[in-house]
Every structure is written in C-alpha cells, then in structure tokens.
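# Analysis of the macromolecular model
Take a look at the letters that make up each chain.
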Amino acid sequence: MAFIKEFQTVSEIKGPLLFVEGVEGAGYDELVRIRTADGDLTGKVLDARKGMAVVQVFEGTFGVSKQARVRFTGDVVRLGVGSDMVGRVFDGLGRPIDGGLQPKPEEKLEITGAALNPVSRSVPQDFIQTGVSTIDVMNTLVRGQKLPIFSGSGLPHNKLAVQIARQATVKGTEGFNVIFGAMGITSEEAKFFIREFERTGAIEHSTLFLNLADDPAIERLMTPRMALTAAEYLAYEQGMHILVILTDLTNYCEALREISAAREEIPGRRGYPGYMYTDLATLYERAGRVHGRTGSITQMPFLTMPNDDMTHPIPDLTGYITEGQVVLSRALHRRGIYPPINPLPSLSRLMNQGIGEGKTRDDHYGVSNQLYAFYAEGMDLRNLVAIVGEAALGAKDRQILKFANDFEDRFIRQGFHENRSVEVSLDIAWDLFSEVPETELKKIKTQFIERHLKQKGKTDGSEGNSK
Amino acid sequence: MTGKIVRVTGPLVVARGMPGIQMYSVVRVGDMGLVGEVIRIEGEDVFIQVYEDTSGIRPGEPVEDTGTPLVAELGPGLLSSIYDGTERPLVILKQEGDYVVRGISAPALDRKKKWKFRPTVKKGDELDKGAIIGEVKEFNIIHRVMLPPTIGGKVEKIDEGEFTVEEIVAVVNGKSLTMMQKWPVRIPRPVRQKQDPNIPLVTGMRILDALFPLAKGGTAAIPGGFGTGKTVTQQSLAKFCDADIIIYVGCGERGNEMADVLHEFPELEDPRTGKPLMQRTVLIANTSNMPVAAREASVYLGATLGEYYRDMGYDVALMADSTSRWAEALREMSSRLGEMPGEEGYPAYLSSRVAQFYERAGRVKTLTGNDGSLTMIGAVSPPGGDFSEPVTQNTLRVVKVFWALDKRLAQRRHFPAISWLNSYSLYTEEVADWWVKGVNPQTTILRDWASGLLQKENELQEIVQLVGPDALPDREKVILMVGRILREDFLQQNAFTDDAFASPQKQIRMLEVVKAFNTYAMQMLEEGKSAGDLQVHDAVPRIARLKEKMGDEFEKEATLIVGMVV
C-alpha cells in the first residue's frame, strides 16, 4: 500500500467536505493532506469510491479552492505518543501549543482504537475517593469506570471537574494522571482549567488537548480520540492510572451532526445521525482495566443538556453507554448549594463493586439506599406541601421533610476546597439519621443501626454541649 | 467467485463483478479478508455489510464469495463459551492480543478437544430427520447429538468412543456425520409442532412470578430508560430462572458488563444443580464499540444456539440486551443503503423483523417428539424512556409479557423498578394451574387481591396529592399502608442479597402474611382501633424484614407474624 498520489481534481467543496475526482484506490478512513495557497490542512476519507473520494477536512475548508492539491498518504490518522507527553499542552489534533517542541514519539498509534476484547477486561472495583459526599457515598466512582456529568448551561460543572481532578485518589496509591480533552470550550474556560491545574501543581501530572470554541469544529471529532489514544498508551504501556476528563461532549455531537448534514445523510432524532450511539460508544468504551496490565482509564465526560433536558439525544445516548451519570440540578444551584448534584436521577452502576467492608465501610450500602429512599420521599412531600400545606402532614412525614432539607444543606453542600473522606461523609449521613425514628431505617441492617446510632448518641451529646 | 470493491463507506462496501451471487451470502472482503454479508443486489452492484472495521480498505481490492450464508457451528463445547456476534470465540481471540483486531478468526468449536460419544441408536435403525443418535456429557448437561434437521434414514455405521467434533461418528443414509452441524442463523430450525405455553418460567423475582408471570417458551420485553435496571433484571433472570440452558446476548452494550458476567458467573452456583452458572450458559458479546453489522447478526446467532439446545429437549431461555441496539444496527445499514425511512429513520421492515425474531420462541414438540422450549426476553432501550417509539411499540405488538421499567421507581431505588400498574402478562391464566396445583391453592386469590389493592392504593395516592393523607378516612389510610407494605416489603427485592431468588412457596407465603395483616387491620378498625394504632403495630417492622429470612427461619417468622395478627 505504499502508493502515495497527489491529485488536483477537487470538484466540489461543501461545508467541511471535499469531493475529489479521478482518485483510484483511496482507502476508507485514510489520512489526507491538503496543500492550499495558505498552508497545509489535514483530513480523512469518509467515502472511498472508484474514481472519487469524499474527504473530511479537520481544519474546515476556509480558503480551500478547487486548485488545492490533495495527497492520499496511504496511512490512517495516528498520534505519536510517549511518556514525555505528561505535563504538556496540545491542540485538538495533538500538536504542542505550550511553546515546547513536539515530544519524541515512542510509538505512533491509530487514534481510532480497536475494541477491547470483553474477555480481556477486568472488572473495575477499586474505590476512588473524590472527596465529594454525593459522589462517594451515593454514586461511587471506581477505577476503570466511565461516569459522565450531566450539566446545564450556567451550572458550575467546571468547578466540579477541577475539584474532582484535584482530589481523586485510590487508597494506598498515588494520585491520577489527568488527561484533559477540551472540545469547543471558550478560551476563558480553558484558562480557568489551566490556572487551577497550575495552582495545585496538578499540571505536572496532566496532559491537555485543547480544541477551543474558535478552533475548527470538525477538529473536535479528533480531539477526544487523541486524548484517549494518549490515555491508552500511558495506562496500558506505562502503567499509569489515568483520569480522562472530556468536556464538552455536546459540542462534539454538534460537530458530528454538522458532518452528517453536509453528507446529506438521513437524520435520526433531532437531526443527529443514526450512528451517534455507535460513535459515542467508540469513545466511552475506551475506559476500563485490562487483565495483566497495571494501568487503568477512568473517564469523566462532561456534557451540557440542552434546555436541561435529560431526554435530549446527547445525554440520552450517553446514559445508555456509560456506567451511570451524575446529574447537576438547577434547583439546587439556585438555592446556592454547591456542588448542585441531584442524587435522585444520578447513578453509578459499578458502585456495588467498589463499596463495603475492606473497600469503604461495611454500612455504606445500606446508608446509601436509605439516603435515597428518604430523599425521594422528602421530595414527594415537598411537592405535596406546596399544594396542601405542611399542616396536612403527619408527624412522621414532617420528620422526613425536614430530613430532606437537612440532607441538602449538610450532606450535598460542601466547599470547593473541602475534601471529605468517605468515612466523614458516611458519618454525616448517620448524623442525619439520628433525627428520624429508628424503625424507619428499613434499608439498613439492624447491626449497623445499633453500632452507629449508639455511637452517635455519645457524639450527639458532646455536640449538643458545644452548641 | 471473486469481485472487486468499488466503494467503501463505513461498514458498507459495494462490489462489482459477482454475477449470480446470492442474497445473504458470506463474503471475504479486501486483502485482509474481512467477513461480510450480501444485503442487497442492484444491477451489477453488490452491497455488503462488513462485520469488521473497514478502515484502510480501498476500491479495487478483491471480494471473495464463500458460497454459504452466515452459519452457526453447533455441537458440544458451546456451553460456558463466549462468542462475538459472528460466533468467533473471544477467549481464543484473546491469545492474539487484548484488542479484537481485524481479519482474525478461529473456529467456534474446539477442533482438538475429544468428547466421549455414546450412541443411543444402532446400525440398521431407521431414523427420522433430526433424530438423536447419541450423547456426550457437556459439564453436567447431557448433550444430545442429533442428525441435522435435513437428514434422516438408515444408520449404516455408528461408533462409540472419543471423538473430536470433526471426526465421523456415524453414517446415515450414505452421509458421513460428525458431532458438529452447521445451521444458517437467519433461518429458524424446524420443529414438529408448537404447544401451548402453560408452565411458568420461575424467575425468583416476586413481581414477575407472582404478578406478571412468563411461561416457558413465551416472550417478554423489558423496556426502560437508562438506569432503570434492564441489565440487572436480565442478569438476575440469567442467574436464577429455572431454564436448563441460558443464552445471554449482550448486543451493543457495555464491555464492563460482559466482564462482570464473565467474572461472576463461573463463581456463582446454579441454585438447582450446585454447579457453576457458567456451565449452563453461552454468552454472546458484541459490545457497543464493536462493529455494528455484527451486532445485527448476534441476536440471530443467539436464537440459533437456543433452538439447538431446545431441539435436544431442554428448556432454554434467551436474554437479549438490548434489542434496540439491534434495531439501530438495522437502521444504520438501511440509511447507508439509502432506503426510504419509516418512523424515526427505522426501516419499514423493522416491524416484520422484530416479529420474525420473537416468533422463534415457543414450547415445542421437537422433530424427535421431545418437549423443549425457547423463552425469549428482550430488553428495549427507548430513547428518552419514551415507550411510544417504534422499537418498543413493534415489540409490544408481538410479545406476551410486558415488564415496564419505571424511571420514578428507579430514582427512589425501588428495585426491580418494574411498574405494577403498567406491566402485563398474557400468560397469567395459562400458568395459574401450575401454581394452584403445585404451590398453593390460594395463589389466584392472593394474586388478584394484591393487584386489586395496589390498583386501589394508586387511586388513593392521587387523592392524597390533592388533599393530603390526613384528610382520608381510616379505612383508606389502612389501604395506603398495606399498599406500601406490598410495594416495599413484597415487590422490592434486592438483586445482590440472598433475597434475590424467592421460591414460589416463599412468594405466596409472603402474600398470605400481608393479606392476613390486612384482614386483621380491617377488623381492628371495626373494633374501634385507629389507623395510627395499626401503623405502630409490632407486626409491621417484622413484615418489613421478613424477606431477609431464608428456609426454616422464614417459615418460623411467617407463622409468628400470622399468629400476631389473628
């Protein structure tokens, strides 16, 4: 396949697509270089026909004329990877933008990773302490999981991302190396991340791939693949534990829709292409652990739900692929609660693997279930009270209603710099439980109730004195 | 026959120069020999869906016709295996590396392993098509070696001994036969006749068995938005249902979930045989990032393997998680073919494909006259949790049991999050006899009472939303209370504790206990007690913890509670 040919036969330019005539034997997905009067561009083949190729140009087709020279390289898109990448900042296509030189590649890897054989996967089960109560206790993250954050415009998801990146640890191990893939975020947001990473020294363990809002939209389709290819190399070849933060997937999906529209494909829901599920899966499924290899890839993709709508195709398809979701709530945010994580629609599917005796604490499972049950009931009661007034409630219902308020105020709410251990978070929960009748704690085994509420009895006394 | 590629776009390849090629023939595509299947022929153009990634494939490369459709290899060695959507053994492929790379293949059945074959017919016997000719022990399942459904006649030669799946064990009607046979996955294996499904598939899940039962040979759908527990329910069914063989198809779902099944099933015991669950299970894993065309094939492969064990006379249960991903694969190929789309971009033939698939279920008389069954349970993943979408609606038109997952239940961690108001089963009457005769004569009465009460409770809840709970009369308050007991203490079941499997006896006994409490409570109201008194009755917390008890301890506690409320 060593044939390299250059063509000057562009017949049509449409959005990000070039139609090149007279091409014989261009490969599907092949890397293409386009020479224009203003400089070189890169792209890949989307449709390889006898005598014609459709090329998607990553940088966009601004300034491209029909005189452009199109060269088919005979190779697919690759990223040069090496351990020097740690601590560096790249653009969305993997070129350094921090003033440094291109790091020396130890290997050049295809950026569309092959599918991991399910037999090779080992089950994620190492508890990651993020220091955020709502995540650690109720939506526990484990190493090798993909857990997205569903946010909305104007919600403090960037703060939360930084807090998690800063605090995440697995007991008895060193921290994570962070790979940060930005797709279409503003330069202001990018600066916030870089500043926060620099302030805490985290930048030394981080690799950033930045495609900003004014960078070409089509390049965004490459950025997460660059980030994940680097992650796979560092995790599986260099044995590092990698936390991949991707933001914002909504921009990625918009770019996908743009390409699909330019190709005049039959649109699926809300104009997004029918293959968006498969496309997103090729990103999200690149999280995991592999038998016999030390490293791991944990993914935290961020997305903003258009109009806070969780049934919108972007969060919807994401939720079907990822192992749960953490949902931010505008209502909590308005009440000034940070982090505004609403536990009810949130979920971690791999939670059970990572909690319990020897991992977190033996009472964890029951405590979490009980918090869910009470908070759900409390929310129902809050709605009811809005109609019939609190006077119509019985004594027990009033206690549950109060529980829900306290829960938001003491458990969900915490500081941006407050790093709570899981034990501290669980103890806050017991503190809240001590104010409801013991018989209502149906989800918790009696032995734990006895142990923790009795203990509480003592501490309560001392707290009472200090008040 | 060899043709040449003229176009490559994603999983779709167009070739020319293959006159006379048949629809659904398997072809080898390109220099790498990727596996594909012919899905449309138009003039000179042959449209091929490729089961592997097509990156780097170019026009001009060859396409080779293999002359056969996509077939499944059937024979001893299937159990405890894990395959991809085209029956490539993933454990063997792992020897080539941790990634499923392209162009590699390995036979589904181990060619070297010797199996001890014991004939059950002798030379000179006249056999029907598909007859059983011998047995092999596959773990503790008797693997009945059958003639292919197309072959019958006089046994000319049959040997006992140890054979590989490629060695000849018998000659029937002039044809040399091995223990392995091949069958095209898209064609249902023939049976003598279908029978009425009137034996329940016991799942151990109270809401399913007691309220919405599935019959052996029946069909069920579990639609639900993400996070409502489709996969947990499917896995629970795979673990505890009383089928002999489980075929679990992970179709376009998560890799970590399959890893979890692979990790857990070899260690879990089959509650009835005490052997590892994996030994009665075949896994088909085509995760969401694996090629989309193979996803389409995976459900048919699952059905074929299921029918094969059914034909031996076993009760087989097939779980497909999720059929929506299969439908999406159809949609993706259809869209690339430029077909006129039906609803939401799905092809117009979606409805007939779904119906054909579920029609492969059934309780049957096999060709040899044995009873066997194939039960099919399909998860459906409706976008946005909206059940009005085409895949859910087309599925509900054909399946007999609808287990509706409810997001609101899942959010308050009511699991299994199956709605008792929206779900239904059309087998309730068919299987009632089995329960009444085999478990408890009161079953039907208890079941009707429980569903009636839950219905009533729901109506009252709507009133409570308007006037608050305190405004209700005591009698209604008690109904609310018993409804809550039924929901929380009977219907809720934790898939990760001992309570995950409740025997039919335990299920009915629990209903008896709750009903006894209800009768007592109503009587107490007559005698002047208030609903508030009953809320704090000593029996209430005991009923709440009754499900945690097992065996004799359970029965003792149940008797004690009933004693408290007479």
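Please refer to the structure placed before this passage.
Definitions and limits used
Residues numbered from 1 in each chain as written. Chains lettered and ligands numbered in written order. Predicted model: local features only at pLDDT ≥ 70, side-chain atom pairs only at ≥ 80, totals over all residues. Heavy atoms only, no water. Helix = DSSP H or I, 4+ residues; strand = E, 2+ residues; numbered from the N terminus. Rg over C-alpha atoms; globule rule 2.2 N^0.38 Å. Buried < 20%, exposed > 50% of the residue type's maximum accessible area, 1.4 Å probe, protein only. Salt bridge = Lys/Arg side-chain N within 4 Å of Asp/Glu carboxyl O. Core = buried A, V, L, I, M, F, W, Y, C linked by side-chain atoms within 4.5 Å. Contact = heavy atoms within 4.5 Å. Expected span 1.5 Å × (residues − 1). Patch = residues over 30% accessible without salt bridge, like charges linked within 9 Å, V, L, I, M, F, W, Y side chains within 5 Å. Areas by Shrake-Rupley, 256 points an atom, 1.4 Å probe, with all protein chains shown as cover. 1 Å grid on protein atoms, 1.4 Å probe; cavity = no way out; pocket = protein on both sides within 12 Å on 5 of 7 lines; lining within 4 Å. Points joined across faces, edges and corners; volume = space filled by probe spheres on them. Buried area = accessible area lost by both parts, 1.4 Å probe. Polar contact = N/O pair within 3.5 Å; in protein donor to acceptor, adjacent residues only side chain to side chain. Nonpolar A, V, L, I, M, F, W, Y, C, P; charged D, E, K, R; others polar.

### Focus: the overall build of chain A
Within chain A one finds 13 helices and 21 strands. Over its C-alpha trace chain A gives a radius of gyration of 25 Å, about what one expects of a compact globule, namely 23 Å for 467 residues. Across its three principal axes, chain A shows a C-alpha extent of roughly 85 × 50 × 40 Å. Within chain A, the proportion of its 467 residues that are buried is 62%.

### Things to note about the pattern of salt bridges
Residues and elements named next belong to chain A. For the structure on display, the rule yields 78 salt bridges over all chains. Between K396 and E440 there is a salt bridge, with its nearest N and O atoms 3.7 Å apart. Placement of the pair is K396 in helix α11 (residues 395-412) and E440 in the loop between α12 (422-433) and α13 (446-466), with a sequence separation of 44 residues. In this structure, the salt-bridge partner of E418 is R420, at a minimum N-O distance of 2.9 Å. What makes E418 partly exposed here is its relative accessible area of 32%. By relative accessible area, which is 6% here, R420 ends up buried. Each of the salt bridges in this network shares a partner with another, and the network as a whole consists of K402, D406, R410, D431 and E435.

### Brief notes about the nonpolar core
In this structure, L371 and F433 of chain A together with W403 and F517 of chain B are the most contacted members of the largest nonpolar core, which totals 121 residues. Those residues within four positions of F517 of chain B in sequence are excluded, and the remaining contacts are M481, V482, I485, L534, H537, A539, V540, I543 and V565 of chain B.

### Concerning the side chain of T281 of chain B
The residue T281 of chain B is located in strand β21 (residues 281-286) in this model. Residue T281 of chain B is classed as buried on the basis of its relative accessible area of 0%.

### Here's the deal with helix α11 (residues 443-467) of chain B
Its 25 residues place the ends of α11 of chain B 36 Å apart at the C-alpha level, agreeing with the 36 Å of an ideal helix rising 1.5 Å per residue. Regarding α11 of chain B, the residues found buried are T443, L446, R447, W449, A450, L453, L454, E457, L460 and V464 of chain B. Those residues of α11 of chain B that are buried are in contact with α10 (364-388) of chain A together with α2 (206-211), α10 (428-438), α12 (474-491) and α13 (504-526) of chain B. Where α11 of chain B terminates, the next one or two residues include G468 of chain B, which has phi positive at roughly 85 degrees.

### Observations regarding a nonpolar patch on the surface
A cluster of nonpolar side chains, I463, L466 and V467 of chain B, forms an exposed patch at the surface whose accessible area comes to about 270 Å². Checked against the element boundaries, I463 of chain B lands in helix α11.

### Here we look at empty space enclosed by the protein
Scanning the entire structure with this criterion turns up six cavities of 30 Å³ or more. Size it by volume and the largest cavity reaches roughly 150 Å³. Looking at the largest cavity, it is lined by 14 residues, and the ones nearest its centre are R269 and L317 of chain A together with E328, R331 and P383 of chain B. Counting only elements with at least two residues in the lining of the largest cavity, the list comes to α6 (276-284) and α7 (313-321) of chain A together with α6 (323-336) of chain B.

### Focus on the environment of Q129 of chain A
Residue and element names in this part refer to chain A. Tracing the chain through its elements places Q129 in strand β11 (residues 127-129). A relative accessible area of 15% means that Q129 is categorised as buried. Residues Q129 and A168 lie 39 residues apart in sequence; the distance between their C-alpha atoms is 5.5 Å. Excluding residues within four positions of it along the chain, Q129 makes contact with D136, Q167, A168, T169, N419, R420, S421 and V422.

### Things to note about the interface of chain B and chain A
Each partner contributes residues to the interface: chain B has 76 residues there, and chain A has 84 residues. Between chain B and chain A, roughly 6500 Å² of surface is buried when both sides are summed, and carbon and sulfur atoms account for 51% of that area. The tally of links from chain B across to chain A stands at six salt bridges. A salt bridge links R7 of chain B to D47 of chain A; its shortest N-O distance comes to 2.4 Å. Counting the contacts that link chain B with chain A gives 39 residue pairs in polar contact (both at pLDDT 80 or more). Ranked by residues supplied to the side of chain B that touches chain A, first place goes to helix α4 (residues 255-264) of chain B with eight residues. Class assignment of the residues belonging to the side of chain B that touches chain A gives a composition of 26 nonpolar, 25 polar and 25 charged.

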